[in-house]
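Fold and geometry: a report
For reference, the chains in residue letters:
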Amino acid sequence: MNTLRLVGCVLLLTIILSLSSVAAFAQAATFTATPSPVPPGQTVTFTGNPVIPVTVSNVKVTLWFYNSAGGYVGSASETGLNFTANQPTPVTITYSTSSSLAVGTYTYNLSYYNSDGSHVSGAPGQTNDGSFVVGTSSGASYTITPSPNPVTPGQTVTFYASLNPNVTYSGAKVTLWFYNSSGGYIGSASKTGVNFTAGQSTSVIITYATSSSLAVGTYTYNLSYYNSSGTALAGATGQVDAGSFTVAAAGMISPVCASAVVVGLKWSAVSGAATYNISRNGSNIVTGTALLTYTDQGVAASTAYTYVLSALNSSGSTVSTQTLHLTTPAATPTGDAAYCPSSVIAGMTWNWSTGFNQQNGSDLWPNTWGADGNIYLFFGDGGGFFGSNNIGRASFGIGELTGSIPAAGTTPQITTVNAINVYGGFNGTHSSTINGKTNSIMAIGSNFYALGGIYQSGEGGPSGGPNHYEMIHSTGNAYSWVSNYSSWIFCSDQTSPTGLCPTSFVNFGAGNAGAIDNYVYLLGATEDNFIGDGTLGLCSCTYLARVLNDNTSLLTKASYQVYTGVNAAGVAQWSNTWSNMQPIFVDHGPRPMHLGKMVYNSALQRFISAAQGGSVNQAAFFDSPNPWGPFTTIAYYNSNLDKTGGWGNLGDGTFAGGHGDSMGINFMNKWTSSNGLTMWATFSSNGTASSNASLTALQGQDMDSFSVVSVTLTLH
């Protein structure tokens, strides 16, 4: 497969803290268990910020669980963590309790391990580190995070909530009631049609448009639950003083984040201002924006900056100015992220212990959710499900997965009952008649589309990568694939090196249900960076195209538009002239990564993107409210310079010569949980996985195979 030649980095926000007093107690580890009590058979999440007195990379942190009699009941871990001596490190560990686990209180011990399984020297761990409760029904719980906070009068504030009223009910209404500091009622906001399951947290997003005359100050809110008839939801107790948000005066520029490669800025609206300018150390970097945020990717490590925000009225006269002084921290060894941390998703935990691998000699595995409710997956240069390089081998194959989402905390069962090959591959129901590759597949109604290349005369094959990129389509099913080469192609090694090569669809629901509009969106790279050798520059830039979601437009190159930036109000702009395209995502760091895949998480109302560098274990994940951004970082897993560590610890330093390449991390939207907090992804690579790979079934095995793993998201 001709893989992308972009290399990469994403975000690990560096915060410089003074921790001279921390060394005195050497270690501090306090974990919070959520939910607690937890019903048997459900997942409990432990979050904490442990401190150890040594600097060490690629650490595994493990919690060992015991009943009240001291009997061992299980363990859970997070791997690939990097600790700096005497500085707190965020750790999130999920533990799937057994459905037969007895009601009671359980304690846990804490341990730290190196990548070879030995204990971390100087970090002895703790016994009786904490406890959690298993109960037949958990108590009600909630977290509610307002964003932005502070908010200016007249601005909309969004409340991202994780709610567990401890009842099972469909179609509930959730309401927040807002009060000023004197207890005076000022308004309310609601979300209807919410489905709750007793003992489980549900993601709920509520928006509230503040009044333009709302006074500066702090406002509290109460939480209430109602049934579909508008009366109080039986058994669901609301919460008085469930949280607060702040209304701030105009101006007040402040940093959202500051790292060696990025500074995020925000400010509140200024009365009478129409636009804003920003200068950095005396030079303008933003002019005429009506937005209230800016991401500055033109900074360097360990450098002092002075930002001046100028508010201008409609005549261009200055209304006010605000000044901010800051110094960026030093660069981190594994690289720093190009974007600030997400204000919605606090982090992610990859559940490697319940991952699955099937050795079948097939790579890539992008997928889509068909209108028939099944998952369709492309596989290349192998036998597909249950095949091998010698049995059922196909260059361009399609597999099908049926059945429901795997139960929480379980390993998927990929068997001949729920997995078949429908185009090529072992026991394929239809023969594969074309040779080629695809990076992405998408179902739109009953039709299927793929982005890739079909081998034509002079392009070689069947392994490797074609030297052009086109739309392949199959009408009415997933096994009647036709090349579009004779009509047109997106790009090739003979077209413009700066032209667009669309590389991945943005996937939504079954058959593209739930799409945000009538367009199909496609991520892309320049031809030189995707097919060529990158001689025009290795900018880790990701571009975006769109096309109306009808069969005629999808198969007509002139119908495609490219993203050309946003206007002063932040509205995306589009053009049919491809040379006008502007990137949606840029990483200027020394170890950059590019966006490769994107799906829409409808429960969280966020687009979730995966980025990778040159190695399979260089990965990072982002969220955004639109396909074009603005992007914020969920998690960052860059490998060490010797290619150990990183995402899943899949590399072991033996991948010189092109082995262990990034071939895509592909989220499976059908397998996303109803609350949006658990997602599954397929991945593959070439070469042999590390003997210390986090996915046990893949340790020392060929990564040219089918692997799938779930991830648990946590909200702020």
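Residues numbered from 1 in each chain as written. Predicted model: local features only at pLDDT ≥ 70, side-chain atom pairs only at ≥ 80, totals over all residues. Heavy atoms only, no water.

The next point concerns the overall build of the protein chain. Scanning the protein chain from N- to C-terminus turns up two helices and 44 strands. For a compact globule of 716 residues, the expected C-alpha radius of gyration is about 27 Å, and the protein chain comes in at 26 Å, within 12% of that figure. Across its three principal axes, the protein chain shows a C-alpha extent of roughly 75 × 75 × 60 Å. Counting every position in the protein chain, which comprises 716 residues, the buried fraction comes to 55%. Residue pairs at least 24 apart in sequence account for 63% of intrachain contacts in the protein chain once pairs closer than 6 positions are excluded. In the form shown here, the protein chain has an accessible surface area of approximately 26,700 Å², with 50% of it arising from carbon and sulfur atoms. For the protein chain, the distance from the average position of its 15 positive side-chain charges to the average position of its 25 negative side-chain charges is 7 Å. (Helix = DSSP H or I, 4+ residues; strand = E, 2+ residues; numbered from the N terminus. Rg over C-alpha atoms; globule rule 2.2 N^0.38 Å. Buried < 20%, exposed > 50% of the residue type's maximum accessible area, 1.4 Å probe, protein only. Contact = heavy atoms within 4.5 Å. Areas by Shrake-Rupley, 256 points an atom, 1.4 Å probe, with all protein chains shown as cover. Lys, Arg positive; Asp, Glu negative; His and termini not counted. Charge placed at Lys NZ, Arg CZ, Asp CG, Glu CD.)

Moving on, we get to the sheet that holds strand β10 (residues 169-179). Pairing within the open sheet is antiparallel, and its four strands lie in the order β11-β10-β13-β14. Only two strands of the sheet have a single partner each, and these edge strands are β11 (185-196) and β14 (239-247). With strand direction ignored, the average angle separating the axes of adjacent strands in the sheet is 25°. Alignment of strand β13 (residues 217-226) against β14, held across six bridges, turns out to be antiparallel. (Pairing = 2+ DSSP bridges. Axes fitted to C-alpha atoms, helices over the stretch in contact; angles between N-to-C directions.)

A separate point is the pairing of strand β35 (residues 561-566). Pairing analysis gives two bridges linking strand β34 (residues 540-548) to β35, with the strands arranged antiparallel. Of the residues in β35, the one forming a bridge with Ala-545 is Val-562. Examined bridge by bridge, β35 and strand β36 (residues 572-575) share four bridges and lie antiparallel to one another. In the strand pairing of β36, Val-562 is matched with Ser-575. Between β35 and β36, which pair antiparallel and follow one another directly, the connecting turn spans five residues, one of which, Gly-570, has a positive phi of 90°.

Moving on: the environment of Ala-236. On the secondary structure map, Ala-236 appears in the loop between β13 and β14. Since its relative accessible area comes to 12%, Ala-236 is described here as buried. Taking C-alpha positions, Ala-236 is 6.6 Å from Asn-166, a pair spaced 70 residues apart along the chain. Sequence-distant contacts of Ala-236, that is, excluding residues within four places in its chain, are made with Pro-165, Val-167 and Tyr-225.

Tracing the sequence through the fold places Val-547 in strand β34. Spatially, the C-alpha atoms of Val-547 and Val-262 are 32 Å apart, while their sequence positions differ by 285 residues. Those residues within four positions of Val-547 in sequence are excluded, and the remaining contacts are Asn-518, Tyr-519, Val-520, Leu-522, Ser-553, Leu-554, Ser-559 and Tyr-560.

The next point concerns the pairing of strand β9 (residues 156-164). The buried fraction of β9 is high, at eight of nine residues. By the bridge criterion, seven bridges tie strand β8 (residues 141-147) to β9 in an arrangement that is antiparallel. Pairing of Thr-143 across the sheet is with Ser-162, part of β9. Pairing geometry for β9 and strand β12 (residues 202-209), over eight bridges, is antiparallel. Residue pairing in the sheet places Ser-162 in a bridge with Ser-203 of β12.

With that settled, consider the sheet that holds strand β21 (residues 318-327). As summarised here, the arrangement of the four strands in space is β18-β17-β20-β21, forming an open sheet in which the pairing is antiparallel. Every interior strand has two partners, whereas the edge strands, β18 (283-289) and β21, have only one. Between one strand axis and the next, the sheet turns through 15° on average, direction left out of account. For strand β17 (residues 275-280) and strand β20 (residues 304-312), the ladder comprises six bridges, and the chain directions are antiparallel. The residue of β20 that forms the bridge with Tyr-276 is Ala-311.

Below, the discussion takes up the packing of aromatic side chains. Going through the model one piece at a time under the given rule, you end up with 64 aromatic pairs. Ring geometry for Trp-365 versus Phe-379: centroids 5.6 Å apart, planes at 35°, classification tilted. A residue pair is termed long-range when its members are at least 10 positions apart, and Trp-365 in strand β23 (residues 363-369) and Phe-379 in strand β24 (residues 375-382) qualify at 14 residues. For the pair Trp-365 and Phe-379, one class covers both residues: buried. Here the aromatic residues Trp-350, Trp-352, Phe-621, Tyr-637, Trp-647, Phe-667 and Phe-683 are joined through ring pairs into a cluster of three or more. Lys-60 extends its terminal NZ or CZ atom over the ring of Tyr-113, reaching a point 5.7 Å from the ring centre. (Phe/Tyr/Trp six-rings, centres within 6.5 Å; stacked < 30°, edge-to-face > 60°. Lys NZ or Arg CZ within 6 Å of the ring centre and 35° of its normal.)

Per the stated rule, a full pass over the model turns up two disulfides. In this model Cys-257 forms its disulfide with Cys-340; the gap between the sulfur atoms is 1.9 Å. When the S-S torsion is -65°, as for the bridge of Cys-257 with Cys-340, the disulfide is left-handed. Of this pair, Cys-257 sits in strand β15 (residues 251-258) while Cys-340 is found in the loop between β21 and β22 (345-358), placing the two residues 83 residues apart along the sequence. (Disulfide = S-S within 2.5 Å.)

Locating Ser-362 in the fold gives a position in the loop between β22 and β23. If sequence neighbours within four positions are ignored, Ser-362 has contacts with Phe-379, Gly-380, Asp-381, Gly-382, Gly-383, Gly-384, Asp-704, Ser-705 and Phe-706.

Of all residues in the protein chain, 92% attain a pLDDT of 70 or more, and the chain-wide mean is 87. Predicted confidence in the protein chain is weakest over helix α1 (residues 527-530), with a mean pLDDT of 80, and strongest over strand β26 (residues 419-423), with 98. A low-confidence stretch, residues 1-28 stays under pLDDT 50, and its non-local contacts, those more than four residues away or across chains, total 110 contacts. (pLDDT = per-residue confidence, 0-100.)

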